[in-house]
Structures are given as C-alpha cells and as structure tokens.
Amino acid sequence: MSLFTSCTRPNGDWKTIELGRYLLDVPQDFNFKLQNGIDSQGGEITNDTIKLYTDFGYYTDTLFQTPQEYLNKRWFIFDAQTQFEKPGITYDSNTYPKIDVIAIRPSTLQDSDKVGFFGGSDYIATCKHENRLFNWPVKLPQDIKRHIVKIDTFNHLYRRLAVPVNGTMGETAVYMRDKRSYNNSIGNYYGVVIGTDSLSVKQQTLVLKIFNTLRPKTAHN
C-alpha cells in the first residue's frame, strides 16, 4: 500500500455523497444513512459486506497517534513523577516533582526482554529529576502498535490514514481537515473521519480506493 498524495476520482459508475462540508465517491451499491450526533454529525455508509462509520464536524477524532506523536506528549512523565512524591504532601499540576526528558531511544532486546519493570518496553527515556539521572521504560498503547498511521498535506488539506500493521485485522480509517476551516471561537477545524475494521484484502483495497476520493466541497475561511 502506498501513501496517496492527492484526491482522485475513480473511473466507472460511482456516485457522490455529502458528508457535511466534504464529498466522497462510492460504488452504486453503497448507501448513506445519516445519524444524529451530540457534538458532531455521524452516519453509516454500507453495502452488503462493508460498513463504514463516519463522523464530521468540529469535534471529530483524529485517529490513532504515531509513535513519535505519543512520545512528544510526554505522558509517561506522570508515572515517572510518582517515585519522587513525598508522603503527606498533596500535589497538583504545579507542584508535582519536575522531570526533564534528556533523550529517548528505542528499546533493545536487552531492555525489552527484562522481567519486571522494563519488560515489554518499546522505548527507554533518559530523564532527570533535580541532579539525578535515571532511565524510564515507555510502552506504547496497543492501538498505536497495531496500526500504521501515514500523514500527508496538499492543497490546504491535512489527511491521516490508519491501516493495520498485521494484514487487515484492525481498523482502516481516514481523517481529513481543510486548514481554511479553522473556527476561532471553537478552537478547532471542521473535519471528517471515516473508518471500518476487520476487512478482507479485497475489501480493504476497495475501501482505500474510496478513501482516496475524499475531498472538501468548497474552500472555507
């Protein structure tokens, strides 16, 4: 599977459906059913064998993180802080022990094969608290490890594609937002996400072809 870099419309007798501010082309045997949402608008795009779930609006999910995005969040620091907490002190976000991340490297077999605390680690973070250096194991969430996430940008569009690492067992999904759709009062973009899971190889090929037709209807300011 290659990373697509532009929206393409397939040859043949396909039809176009509207997903809020976005358009998607699907074969004639697919039907779209709109569903009510709370913060965004949902729906199902289905034929006899495939069911695609979609959500669009200002509160759509951007799919799985890449390993690097997860590492950049530094969430593992919260666990590392606990070893430096002192009894009888109530901590808040401003008073938790300060941890600096000096470096992060992938785990070696020697690291990840250890029994206990470091066992199963994906990365090792070299951290510092006051004058003390220490290593801390970082384990990626299973959803991130089970999927490959590819990102591309073109013509004011930002797109993320998630596919399973092993075969087709897992979620196959796409997220898109138009950078011109940012709403200052909401603090987010108007986006769309479409996904499904547990596809056969033939089904996944068709779904990726469908995903490649996703595009905005018009420019948004």
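This text follows the structure it describes.
Here the structure is a predicted model, which is why all the values come from computation and not from measurement. (Residues numbered from 1 in each chain as written. Predicted model: local features only at pLDDT ≥ 70, side-chain atom pairs only at ≥ 80, totals over all residues. Heavy atoms only, no water.)

## Focus: the pattern of salt bridges
Per the stated rule, a full pass over the model turns up eight salt bridges. A salt bridge links K217 to E18, with the shortest nitrogen-to-oxygen separation between them at 3.3 Å. Separated by 199 residues along the polypeptide, K217 in the segment after β13 (215-216) and E18 in strand β1 (residues 14-19) bring together distant segments of the chain. For K217, a relative accessible area of 37% corresponds to the partly exposed category. (Salt bridge = Lys/Arg side-chain N within 4 Å of Asp/Glu carboxyl O. Helix = DSSP H or I, 4+ residues; strand = E, 2+ residues; numbered from the N terminus. Buried < 20%, exposed > 50% of the residue type's maximum accessible area, 1.4 Å probe, protein only.)

## Section: the packing of aromatic side chains
Across all of its chains, the model carries eight aromatic pairs by this definition. Where Y70 meets W75, the ring centres are 5.7 Å apart and the plane angle is 75 degrees; that geometry is what we call edge-to-face. A residue is classified by how much of its surface remains accessible, and Y70, at 12% relative accessible area, is buried. Classification of W75 as partly exposed rests on a relative accessible area of 41%. Joined through ring pairs, the aromatic side chains of Y22, Y58 and Y190 make up one cluster. If you follow R177 out to its NZ or CZ, it ends over the ring of Y158, 4.2 Å from the centre. (Phe/Tyr/Trp six-rings, centres within 6.5 Å; stacked < 30°, edge-to-face > 60°. Lys NZ or Arg CZ within 6 Å of the ring centre and 35° of its normal.)

## A closer look at unusual backbone geometry
Although it is not a glycine, E130 sits at a positive phi angle of roughly 55 degrees. Following the sequence through the fold, E130 ends up in the loop between β7 (123-129) and β8 (132-138). Despite not being glycine, H156 shows a phi value in the positive range, around 70 degrees. By the element assignment, H156 lies in the loop between β9 (147-154) and β10 (157-164).

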